[in-house]
Protein chains: 2
Amino acid sequence: MNNFDYYNPTQVLFGKGQIAALSKVIPRQAKVLMLYGGGSIKKNGVYDQVKTALSDISLLEFGGIEANPTYETLMQAVALVKAEKVDFLLAVGGGSVIDGTKFVAAAAVFDEGQDPWQILEKWGGNIQAALPFGCVLTLSATGSETNAAAVITRAETKAKRSFMNRLVFPKFAILDPTTSFSLPLRQVGNGVVDTFVHVVEQYLTLPTQAKVQERLAEGVLLTLLEEGPRALSEPDDYDVRANLMWAASCALNGQIGAGMVQDWATHMIGHELTALYGLDHAQTLAVVLPSMLRVRAKQKREMLLQYASRVWQLESGDEDERIELAITKTEVFFENMGVKTHLGDYGLNEQHMGAVLQALEEHKMTALGETRDVTLAISRQILEMAL
Amino acid sequence: MNNFDYYNPTQVLFGKGQIAALSKVIPRQAKVLMLYGGGSIKKNGVYDQVKTALSDISLLEFGGIEANPTYETLMQAVALVKAEKVDFLLAVGGGSVIDGTKFVAAAAVFDEGQDPWQILEKWGGNIQAALPFGCVLTLSATGSETNAAAVITRAETKAKRSFMNRLVFPKFAILDPTTSFSLPLRQVGNGVVDTFVHVVEQYLTLPTQAKVQERLAEGVLLTLLEEGPRALSEPDDYDVRANLMWAASCALNGQIGAGMVQDWATHMIGHELTALYGLDHAQTLAVVLPSMLRVRAKQKREMLLQYASRVWQLESGDEDERIELAITKTEVFFENMGVKTHLGDYGLNEQHMGAVLQALEEHKMTALGETRDVTLAISRQILEMAL
């Protein structure tokens, strides 16, 4: 097992009715800015629950954070935070709102002499302080609610970039599975695929003998296989939504990756597809991952065989066939979750690939993957296979 | 899934050479008291590594914390902390040293008007503050390095009591598996059994549909089955020790128990056996657990069948037989780890049982278990079956 440094101080309040606990976890004297997205929280009752819980706390609002939150929008929130001397942020929404809030938390107290976009340029390594914040999760997928990473897009340049810093762990995360009952099924399916690929990016890499972490990874994947289809067919089942919500957090709270070798090449290529052509994040992952696994089956061989055995119960027969069957079953699972797995399904063809490769090159994404051997040529091969 | 409140802010520095990181995680201006046990750390080099890492930090020492740490010994450390105005504690050892340090951390700043034994009387609910502390783990078993619980014994009255409070989470835990290479195999075996039973106390209870947590529980158990025997036959294998060390932390860092129904009756009965007759903690668990599972097989039926299937691959045949076989295999595993599973193996017979039951009654342990139906009569039945 590789050495690791694991730290995750986010308090998780999980279950029905936990939004009411906001009054206990936000300091009473705080001046709070609630950040949210397109307004679905006003339709599903979450907005009212938050307002009720915080009725005696000073509360401002900033709505309109978009999916794939942009620097441009978030800087408006930063201006509001500074003007109003806000000292606590509350993200209410899914991964985009929480990611955006992490950026606001850091940018609001960033070195005055510098453009906060520098946070993205330096992957967060230049963050010296951040405002405290918590979150109320309404869409489980990204795991952002219990980690210290975020992905931000610059609309102007179509650059989708990430940062990470332990100063932007949420102080608390409220996970009430009932908030996800009203989600469109497309978002539910996307969330399952997103979670699945988060696990795979940390698990289907090089063998490290990290046995508990591998079992946890497999446990999350098996839970997704069991509960994902049920979430579509039984959208009001509380335990199904609860398991998916907790699975998404566990997929990316640091426990699986501790001591494991990580990949993330699928995400890096996927980010370019979203930034250029507007595919949902999960759609890009469903498109790229199967080809990534096929093209890199040699590097990932040992773990692919373990995946075939423990996740798909493929334990006998030719090894190459087992690997291919496991990848095919993964594709079929994504399709069953309502997420198409080919670029053509989204109206993209070989003529669109040049821009993706150019963006990868511009963003220095020319040596990706756990063995740093996903060159631009390999990325091209993966994209062509995914057409 | 049941609602839960999960929080674990301990930073884990895991792997070879991590003791050197002490200089980064202890504040430079701190006045530190290092607490340790019987002195094995002076033989295996850990003491020297700690001293080297902290060579430019003010460092006092308190050795001699015993297995099953006593209030009487720990109060001497409390006096030293107060006299020397120590402001940071460092536990170097196994679960007993870390548990003891948690007590010292809380007792040193406890309400002056009260005896700190009140902390045990109130299960830690009366702790208002604690000194910060970290730990260097040298014996993986109890999970104390990444949780906020401790078990303390009052030598005078032979009362073995526990407390829990989020103020006594270690700030950091350094887990270097090489520190466990020099352990006597008896302690290695005890650690594996202790970890196993920690998982079982949270897992073999009532079904709660907490699928990720159940998979993690099963993953830790499967890891123990794979790595436990190897730790005895290949005592210098780094990955084996690393997996056992991380398994012990994951068994009791709160992740498995989140949203699950917990039992702990085996521990409560076991504590009395240790306090009265000096059995090792793990020995008491190995003795009590199999009978506990047999006597309470009806309440635990659904999870016992899942355990038989997923941990022992017993998937067909008569259900009662599968359950009995899974329990028998558990016993055999404990024996293979060098931990005997009957009271007679430790020189105890029916004449010793009265005192155990009397102690349970005195300590109000008369309605134990996940369904609170382990009465004194049931405890008697369990003990008699374990003879």
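Residues numbered from 1 in each chain as written. Chains lettered and ligands numbered in written order. Predicted model: local features only at pLDDT ≥ 70, side-chain atom pairs only at ≥ 80, totals over all residues.

A.B. asks: Honestly, the relation of the copies chain B and chain A in this entry has me stumped. Any pointers?
C.D. replies: A rotation about an axis combined with a shift along that same axis relates the two copies of the chain. It takes a turn of 180° to lay chain B on chain A, together with a shift of 0.0 Å along the axis; the resulting RMSD is 0.0 Å. Such values leave the two copies arranged in the relation of a two-fold axis. Nearest to the rotation axis, the C-alpha of P9(B) is located 2.0 Å from it, this being the minimum over chain B. The residues that chain B uses at the interface reappear at the interface of chain A in 100% of cases, marking a shared surface. (Least-squares fit on C-alpha atoms with pLDDT ≥ 70 in both. Contact = placed C-beta atoms within 7 Å.)

A.B. asks: What should I look at first to understand the interface of chain B and chain A in this one?
C.D. replies: In this assembly, 33 residues from chain B lie in contact with 33 residues from chain A. At the level of secondary structure, the elements contributing two or more residues to the side of chain B that touches chain A comprise β1 (4-6), β2 (11-14), α8 (211-233) and α9 (238-251) of chain B. Tallying contributions element by element places α8(B) first for the side of chain B that touches chain A, with ten residues. Residue classes in the side of chain B that touches chain A are distributed as 16 nonpolar, ten polar and seven charged. (Helix = DSSP H or I, 4+ residues; strand = E, 2+ residues; numbered from the N terminus. Nonpolar A, V, L, I, M, F, W, Y, C, P; charged D, E, K, R; others polar.)

A.B. asks: Sorry, what's going on with unusual backbone geometry here?
C.D. replies: Most peptide bonds are trans, and most residues other than glycine sit at a negative phi. Residue and element names in this part refer to chain A. Its identity is not glycine, yet Q313 carries a phi of approximately 55°, on the positive side. Following the sequence through the fold, Q313 ends up in the loop between α12 (301-310) and α13 (319-336). Looking at Q313, the number of C-beta atoms within 10 Å reads 8, which means it is exposed. With a phi angle near 55°, R372 is a residue other than glycine that sits in the positive phi range. As for its position among the elements, R372 is in the loop between α14 (353-362) and α15 (376-385). A count of 10 C-beta atoms within 10 Å places R372 in the exposed class. (Buried ≥ 20, exposed ≤ 12 C-beta atoms within 10 Å, placed from the backbone.)

A.B. asks: I'm lost on the sheet that holds strand β9 (residues 172-175) of chain B in this one. Help?
C.D. replies: Spatially, the seven strands line up as an open sheet ordered β1(A)-β2(B)-β9(B)-β6(B)-β5(B)-β3(B)-β4(B), and their pairing is mixed. Two strands bound the open sheet, and with one partner strand each, they are β1 (4-6) of chain A together with β4 (58-62) of chain B. Adjacent strand axes in the sheet meet at a mean angle of 15° when their direction is disregarded. (Pairing = 2+ DSSP bridges. Axes fitted to C-alpha atoms, helices over the stretch in contact; angles between N-to-C directions.)

A.B. asks: Please explain the sheet that holds strand β3 (residues 31-36) of chain A as it appears in this structure.
C.D. replies: Ordered by their spatial adjacency, seven strands build an open sheet running β4(A)-β3(A)-β5(A)-β6(A)-β9(A)-β2(A)-β1(B), and the pairing between neighbours is mixed. Looking at the sheet topology across the chains shown, the edges are occupied by β4 (58-62) of chain A together with β1 of chain B. Looking at each pair of strands side by side, their axes are set apart by 15° on average, direction ignored. Bridge count between strand β6 (residues 133-137) of chain A and strand β9 (residues 172-175) of chain A: three bridges; the pairing is parallel. Counterpart to V136(A) in the pairing with β9(A) is I174(A).

A.B. asks: Help me out: how do you make sense of the packing of helix α4 (residues 71-84) of chain A against helix α5 (residues 95-107) of chain A in this one?
C.D. replies: In helix packing, the relevant descriptors are the interaxial angle and the interaxial distance, both defined with respect to the helix axes. All names here are of chain A. Between α4 and α5, the least distance of the axes is 9 Å, while the angle of their chain directions is 45°. The orientation of α4 with respect to α5, classified from their angle, is oblique. For the pair α4 and α5, the sense of crossing is right-handed. Residues L74, A77, V78 and V81 of α4 form the contact with α5, whose participating residues are G100, F103, V104 and A107. (Parallel < 35°, antiparallel > 145°, perpendicular 65-115°, else oblique. Left-handed = near helix turned anticlockwise from the far one by under 90°.)

Coordinates in, geometry out; function isn't part of it.
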